[in-house]
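Secondary and tertiary structure notes
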Amino acid sequence: MSKSQLALVIDIRSDSVGGALVTSPATAKGEFKRSEIIKSSRRGIDLQADFNLERFFADLMKALKFVLNDLFINQPARPAGALVYLSAPFYAAQTRTIRQTRPSPITITSSLISSLVDGDVATFQQITPPLYREILNDGHELIEHKVMQIKLNRYETNAPLGQQASEIEISHYLSVSSSRVINRFREIISQFLPHRPIAFHSFPFALYTIARDVLNARQSLLLDLGAEVTELSLMTRNLLWETVSFPYGHNYLIRQLAKELNTTSAEVISSLKIYLRGEGNELLNTKLKEVFGRVGAAWVGKFKESFSTLTENHLGSNHLLLIGDDLFTPMVSAWLGQPAYQDLLIGQSGFKVSVLDAKSLDEKLGQDRIKNLTDASLMLEIIFYDKLRTTKNL
């Protein structure tokens with residue numbers, strides 16, 4: 001019988017910080033129970049009309065402190081550890097493939113695999129530029145390293161050790177973050193969890209894992225509509241092959257709409273909510289539709305460039321999983337659902353978009369759903385935590 005365990009899950013995005021205290025129920029050997037929510041919190045970051053990195057990080061750290069204070073108020077117990085998920089622009093990642101051919105077969109050992117992978121990790125860190133040029137004397141910290149697939153003599157295997165092969169191919173996912181930024185996150189969290197382990201993960205890898213193992217989406221595009229950055233990942237043949245990003249998140253859309261309408265960001269958001277509820281007057285609706293057309297065309301243009309980059313060396317997919325805020329996700333879904341994309345997808349007529357929100361995730365999870373939570377990003381991250389917990393890979 002395993003003991004119940006309290007954990008802290010933190011979601012750091014470019015527009016907000018979210019967090020949850022979860023408890024993993026005691027289970028018998030071989031039994032699985034979904035973690036339960038004790039409390040959740042999220043704090044937004046004010047949209048800047050003119051983006052300033054120093055102010056952005058100051059607001060981000062304030063939001064992180066607010067969430068932690070909110071979660072731990074009147075909470076005497078302290079979690080055994082914390083899992084922190086980073087979205088763009090807080091990490092850089094790449095799926096890399098190592099190929100080696102030997103003149104004669106050799107025995108595959110764990111030390112051989114480790115030596116090949118460690119060498120490639122060092123190369124990745126050397127060639128990856130600093131995440132923030134504005135931060136002096138900054139470096140990289142490796143936050144995630146996952147071997148996703150091993151092929152021996154061109155055949156995939158889940159049990160490579162002890163086998164003989166002359167051709168070795170290893171596909172592995174790597175992510176790094178800014179040493180100074182991640183240490184600041186660690187310092188703040190450690191004030192609430194002294195001497196407890198803090199593990200960092202990239203959000204795309206968590207999203208990919210859940211899409212593959214829970215949503216059964218083995219051939220898909222994964223789109224995370226963030227505040228300042230939109231990320232597009234290609235998942236094919238069960239591998240997360242590549243992630244590309246472009247600086248057109250929902251804050252870009254708000255800024256462009258404010259510029260087009262000659263108004264403030266707050267007024268834009270208010271007008272959008274009225275429009276989406278169907279309560280706008282005819283003049284407002286006509287003007288918004290006209291501006292949407294222009295702003296949407298610019299966003300779609302960047303999306304098409306990113307999609308073309310992803311599919312230069314890999315087969316694309318017309319199945320797209322979309323996660324983002326409640327305000328812009330419906331609009332982006334409508335843009336991407338247009339049949340005009342048949343020029344990008346041979347034999348297809350547009351993207352089939354599935355929005356990953358709390359309701360759709362609940363439907364997919366069924367009896368294993370996460371109760372008392374409507375935050376889709378935190379839901380995905382808690383499911384990923386449960387996967388790590390049950391495989392003892394924390």
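Below: a short report on this structure. All chains use their own residue numbering, which begins from 1 and follows the written sequence. Note on the predicted model: pLDDT of at least 70 is required for a residue's local features to be given, and 80 or more for side-chain atom pairs to be given and counted; whole-chain, interface and lining totals, by contrast, use all residues. Only hydrogens and water are set aside when side-chain values are computed; all heavy atoms of the structure are taken into account.

Bringing the packing of aromatic side chains into the picture now. In summary, the pairing rule links any two rings of Phe, Tyr or Trp, Trp by its six-membered ring, whose centres are within 6.5 Å, and it sorts them by plane angle into stacked for under 30 degrees, edge-to-face for over 60 and tilted for everything else. This structure, assessed with the given rule, holds 17 aromatic pairs. For the pair Phe246 and Trp299, a centre-to-centre distance of 5.6 Å together with 65° between the ring planes defines the contact as edge-to-face. In this pair, Phe246 sits in strand β12 (residues 239–246) while Trp299 sits in helix α7 (residues 282–310), placing the two residues 53 residues apart along the sequence. Residue Phe246 shares its accessibility class with Trp299, and that shared class is buried. Each member of the aromatic cluster is reached from another via a ring pair, and the members are Phe246, Tyr248, Tyr252, Trp299, Phe303, Phe307, Trp335 and Phe351. Of note, Arg13 hangs over the ring of Phe203, and the distance from its end group to the ring centre comes to 4.9 Å. Charges are assigned to positions over rings by a cutoff of 6 Å between ring centre and Lys NZ or Arg CZ, combined with an angular limit of 35 degrees from the ring normal. Sitting over the ring of Tyr248, Lys302 keeps its end group 5.7 Å from the ring centre. Comment: elements are numbered from the N terminus, with helices defined as DSSP H or I runs of at least four residues and strands as E runs of at least two. Think of it in three bands: residues with accessible area under 20% of the maximum for their type are buried, residues over 50% are exposed, and the middle band is partly exposed, with areas taken using a 1.4 Å probe on protein chains only.

Time to look at the packing of helix α5 (residues 250–261) against helix α6 (residues 265–276). Interaxial distance between α5 and α6 falls to 9 Å at its minimum, and their mutual angle equals 95°. With respect to their mutual orientation, α5 and α6 come out roughly perpendicular. For the pair formed by α5 and α6, the contact residues are Ile254, Leu257, Ala258 and Leu261 on the first element and Ser265, Val268, Ile269 and Leu272 on the second. By the convention adopted, Pro, Cys, Tyr, Trp, Phe, Met, Ile, Leu, Val and Ala count as nonpolar, Lys, Arg, Asp and Glu as charged, and the other residues, Gly among them, as polar. Considering only residue class, the contact of α5 with α6 consists of 7 nonpolar, 1 polar and no charged. Note on geometry: axes are C-alpha line fits, over the in-contact stretch for helices, and angles between N-to-C directions span 0 to 180 degrees. For classification purposes, angles smaller than 35 degrees are called roughly parallel, those larger than 145 roughly antiparallel, those between 65 and 115 roughly perpendicular, and all remaining angles oblique. Contacts are assigned to residue pairs that have any heavy atoms within 4.5 Å of one another.

Turning our attention to the nonpolar core. Residues enter a nonpolar core if they are buried and are Ala, Val, Leu, Ile, Met, Phe, Trp, Tyr or Cys, with the set joined through side-chain atoms within 4.5 Å. Of all hydrophobic cores here, the largest spans 75 residues; its most connected members are Leu8, Ile12, Phe57, Leu68, Phe90, Phe185 and Ile189. The element contributing the most residues to this core is helix α1 (residues 53–72), with 11 residues. Ignoring any residue separated from it by four or fewer positions in sequence, one finds Leu68 in contact with Leu8, Ile10, Ile188, Ile189 and Phe192. In terms of nonpolar packing, the next biggest core, distinct from the first, is built from 34 residues, Phe246, Phe307, Leu310 and Trp335 among them.

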